[in-house]
Amino acid sequence: MSILKEISQNLQNGKAKVVKELVQKAIDEGITAEMILKEGLLHGMGIIGEKFKKDEVYVPDVLIAARAMNAGSELLKPLLAASGVTATGKVVLGTVAGDLHDIGKNLVRMMMEGKGLEVIDLGVDVPAEKFIDTAIKENAQIIGCSALLTTTMGEIQNVINAAVKASMRHKVTFLIGGAPVTDTFAKKIGADIYAPDAATAADAAVKVCTQSLA
Ligand code: B1M
């Protein structure tokens, strides 16, 4: 079995320690961080997602797989960070209220930090007001909202509404993403940018921060 397949398999089995060791081994063998992420970690997470949908695995199985995913991706952080691009800017990032999914958000943070941006990560289940209060206090250029559930994606609209209420909507760019989120949805709720993946989110954030400096 190839090392990437082994990473995927052990992630599905929730073996965080083994996943970490295998990720380190793959790095030492010269496999790129992008490949380890896509064909090892995300591949395994995708299979877990499919099984979860079909009721073949349950919440605890998904949770331990998620832990293994986070353990493995932490090792990739410095490598994904070595992008050569250095930007300045501040992003307030979080998963919206009612939503506990953080793997995608963590990848967005890693990619943004890799490009030199300062990311204030508010974590998961973040109330709308917390996004706004933090963005005001930190003078952030971007508010990034992640949502993974069809039942929580509407919360992004509440964050935008809270920005309008606080008379600071014009001061920030809303960058949004997450599996159920689409460009059409972003336009409908008045968000500025929809990014389908972490790399696109980081590139878009750099563009916004570069423009706001000019
Ligand atoms: Co959840 N869950 N989950 N879950 N879970 C999904 C999302 C689901 C699709 C599974 C399924 O049924 N197939 C389904 C949602 C259905 C729907 O709403 N349509 C679901 C459900 C139903 C639930 C619960 C309700 C289950 C229950 O309790 N009965 C529950 C809800 C809890 C809550 O949040 N209140 C629940 C719980 C959980 C766990 C806690 C067990 C765990 C999360 C652990 C954690 O995150 N620490 C979990 C997981 C892991 C998943 C799946 C399997 C994997 C999600 C993931 O991490 N994917 C997921 C199934 C799936 O997606 N295939 C599922 C990998 C990650 C890299 O992708 O987050 O999409 P993703 O991020 C992508 C892009 O979306 C984008 O970039 C990333 C890629 O580069 N992106 C952004 C994300 N955020 C962005 C922000 C941006 C820009 C881009 O800008 C700011």
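Residues numbered from 1 in each chain as written. Predicted model: local features only at pLDDT ≥ 70, side-chain atom pairs only at ≥ 80, totals over all residues. Heavy atoms only, no water.

1. What to know about the pattern of salt bridges
Stage number 1. By the definition in use, this model includes 9 salt bridges.
Stage number 2. Of the charged contacts in the structure, one is a salt bridge between K77 and E113, with a shortest N-O distance of 3.4 Å. Note that K77 is positioned in helix α4 (residues 59–81) and E113 in helix α5 (residues 103–114), a separation of 36 residues in sequence.
Stage number 3. D121 is paired through a salt bridge with R109; the nearest N and O atoms lie 2.7 Å apart. A residue pair is termed long-range when its members are at least 10 positions apart, and D121 in strand β2 (residues 118–121) and R109 in helix α5 qualify at 12 residues.
Stage number 4. Residue class for R109 comes out buried when judged on its relative accessible area of 15%.
Stage number 5. Connected via shared salt-bridge partners are E74, K105, R109 and D121. (Salt bridge = Lys/Arg side-chain N within 4 Å of Asp/Glu carboxyl O. Helix = DSSP H or I, 4+ residues; strand = E, 2+ residues; numbered from the N terminus. Buried < 20%, exposed > 50% of the residue type's maximum accessible area, 1.4 Å probe, protein only.)

2. Here we look at the coordination of the cobalt atom of the ligand
Stage number 1. Just one protein atom coordinates the cobalt atom of the ligand, and that atom is H101 (NE2), at 2.2 Å.
Stage number 2. Along the chain, H101 turns up in the loop between β1 (90–95) and α5. (Donors = N, O, S within 2.8 Å, 3.2 Å for Na, K, Ca; no water.)

3. Some details on the packing of helix α1 (residues 3–12) against helix α3 (residues 33–53)
Stage number 1. Put simply, α1 and α3 touch, their axes get as near as 8 Å, and they point 35° apart. For the pair α1 and α3, the crossing hand works out as right-handed. Contacts between α1 and α3 pair L4, I7, S8, L11 and Q12 from the former with M35, I36, E39, G40, L41, H43, G44, M45, I47, I48 and K51 from the latter.
Stage number 2. Class assignment of the residues belonging to the contact of α1 with α3 gives a composition of 9 nonpolar, 5 polar and 2 charged. (Axes fitted to C-alpha atoms, helices over the stretch in contact; angles between N-to-C directions. Left-handed = near helix turned anticlockwise from the far one by under 90°. Contact = heavy atoms within 4.5 Å. Nonpolar A, V, L, I, M, F, W, Y, C, P; charged D, E, K, R; others polar.)

These results come straight from atomic positions and should not be treated as a statement about function.
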